[in-house]
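Chain by chain, the residues:
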Amino acid sequence: MATIESFRKLLKYLIVYSKVPGVEMWTAPGKFKPASYYVSFHIIVYFVSTVWTLKKYSDDPIHMMKVLITLGTAVQLYIKFFVGHSKSKEVIVFSNKIEQEVFEQNKNRTAGETVLLKQTATIVVLAFGLYPLFAYNVNGVVMPLFLYELPYYDWSTTMGYVVNMMFQVNLLVIGTIAAMLFDFLYFMYAMYTMVKADIFIIHLGELEKMLNDPLTVKKNQSSVREKWVQCMFEHQQTTNFLNSIEDIFGLMCLAQVSMGVFTICDAMLLVALTDWYPTYSFLLVMFIELSLYFLIGHLIELKIDAMYNKIISMPWFKLPVKEQKEFRFLMSRQQCPMMLTAYGFHPMNFEAYMSVLKGLYQFFVMVMQYVG
């Protein structure tokens, strides 16, 4: 599975998925297709209906909170929709980078690189196969419980019920596929970014072995120079990968975190004030999704730390003088922060995740004290 053909096959599936929510990043970058207008129409109807329902039940705060529990998901998905359109060309460039710099450049890869690519490809393919099943099972229970009502179409009439359900089922299908598309893209590109970092670490380890062999340094300086240039080039490519994933997914991460926290807070209030059972499903799903976004960001940070540790542990003083001077540039670049952030507001790592959990816990304690 660790071949460029398998990667292209995976992209074909993603291209099909992108046509449903109207974000054809590979086939029509930045262009609004009929499906795009159809999705936008449904989202506008959702927002108008939500405002209508909130106004209708303005004297019932509990019902208003039940209506608002889907707002966070709708907002973050629509933000991802527009980001997908605006960053479609960057997505194409990133996909081409993976093909050229992960697969094409490493055709004559070592056994360690082959194992690494096979493991990554297996994880990515399994995630692509299992995530839709997970999302369907979860959303099939939660999403049809939308409590917004279409203006002038009351639930109590047969026609009103049918029309409302038609709109909700459409939104459910499109929203589920869009969520799968963007979440999987985030996961896949993060995985291949970490693969690129691992390839750099493997090559730097090979250089370290050469430097620890005095005969190789003396008799075959050209091979040392060649390996060093390769390591420098791999580090530059890894940095470009990290910058690309931050550029494409930074705003998506911010939307996911902010809207996820909003939904979780709303769900906590409902848990404390009602026995409405769908609340627990919303709470669980949003908590898992929020955790996964932070987990991937934290894994990227750990990989960057591994790169730094490998660099500083290398016997640089055994390098020729010219390479020692170039090593300074490598160290200087590595010391600049390279991490995934929520659009620059805060890093997507374990510390930020714990601060979010601490804030949610304090909010829940405050709610329980107020209720008690």
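None of these values were measured; they are calculated from a predicted model. Here the residue index of a chain counts from 1 through its sequence in written order. Reporting in this predicted model follows two pLDDT cut-offs: at least 70 for local features of residues, and 80 or more for side-chain atom pairs to be given and counted; totals over whole chains, interfaces and linings ignore these cut-offs and use all residues. The side-chain numbers reported here are obtained from all heavy atoms of the structure, hydrogens and water having been left aside.

Without a salt bridge and with relative accessible area above 30%, a residue can belong to a patch; like charges are then joined within 9 Å and nonpolar side chains (Val, Leu, Ile, Met, Phe, Trp, Tyr) within 5 Å. Each accessible area value is a Shrake-Rupley result obtained with a 1.4 Å probe; residue values ignore everything except the protein chains displayed when judging cover. Salt bridge, as applied in this entry: a Lys or Arg side-chain nitrogen positioned within 4 Å of an Asp or Glu carboxyl oxygen. On the surface, Leu284, Phe287, Ile288, Leu292, Leu295, Leu299 and Leu302 cluster together to form a nonpolar patch covering roughly 570 Å² of accessible area. Mapping leucine 292 onto the fold places it in helix α10 (residues 278-312). For the purposes of this entry, the term helix denotes a DSSP run of H or I that reaches at least four residues, the term strand denotes a run of E that reaches at least two, and both are numbered from the N terminus.

A separate point is the pattern of salt bridges. Enumeration over the complete set of coordinates arrives at ten salt bridges. The partner of lysine 87 in a salt bridge is aspartate 247, and the shortest N-O contact between them spans 3.0 Å. Of the two residues, lysine 87 is situated in the loop between α4 (71-86) and α5 (88-103) and aspartate 247 in helix α9 (residues 221-273); the sequence distance between them amounts to 160 residues. Glutamate 208 is paired through a salt bridge with lysine 310; the nearest N and O atoms lie 3.3 Å apart. Of this pair, glutamate 208 sits in helix α7 (residues 158-211) while lysine 310 sits in helix α10; the two residues are 102 residues apart in sequence, bridging distant segments of the chain.

Note on aromatic contacts: the rings of Phe and Tyr and the six-membered ring of Trp form a pair at centre separations within 6.5 Å, being stacked when their planes are under 30 degrees apart, edge-to-face when over 60 apart, and tilted otherwise. As enumerated under the stated definition, the model contains 21 aromatic pairs in all. Aromatic pair tyrosine 78 and phenylalanine 82: ring centres 4.8 Å apart, planes at 70°, arrangement edge-to-face. On the criterion of helical spacing, the pair formed by tyrosine 78 and phenylalanine 82 is a turn pair, its members being four residues apart in helix α4. Ring pairing ties together the aromatic residues Phe94, Tyr186, Tyr189, Phe241, Phe249 and Tyr293, which thus form one cluster.

With that settled, consider unusual backbone geometry. Positive phi is not limited to glycine here, since tyrosine 343 has a value of about 60°. Its place among the elements puts tyrosine 343 in the loop between α11 (321-335) and α12 (350-371).

Before going further, it helps to examine the packing of α9 against α12. Convention adopted: a line fitted to C-alpha atoms gives each axis, helices being fitted over their contacting stretch, and angles between N-to-C directions are expressed from 0 to 180 degrees. With their axes 10 Å apart at the nearest point, α9 and α12 run at an angle of 25° to one another. Accordingly, the angle class assigned to the pair α9 and α12 is roughly parallel. Judged by the sense of rotation from one axis to the other, the crossing of α9 with α12 is right-handed. Counting all contacts with α9, which are made through Val261, Ile264, Cys265, Met268, Leu269, Ala272 and Leu273, the residues of α12 involved are Val356, Leu360, Phe363, Phe364, Val367, Met368 and Val371. Gly counts as polar in this scheme, as do all residues outside two lists: the nonpolar Ala, Val, Leu, Ile, Met, Phe, Trp, Tyr, Cys and Pro, and the charged Asp, Glu, Lys and Arg. Residue composition of the contact of α9 with α12, by class: 14 nonpolar, no polar and no charged. Oblique is the label for any angle not under 35 degrees, not over 145, and not in the 65 to 115 range, which are roughly parallel, roughly antiparallel and roughly perpendicular in turn. Crossing handedness follows the turn of the near helix against the far one: under a right angle anticlockwise gives a left-handed crossing, and clockwise gives a right-handed one. Contact criterion: two residues are considered in contact whenever any of their non-hydrogen atoms come within 4.5 Å of each other.

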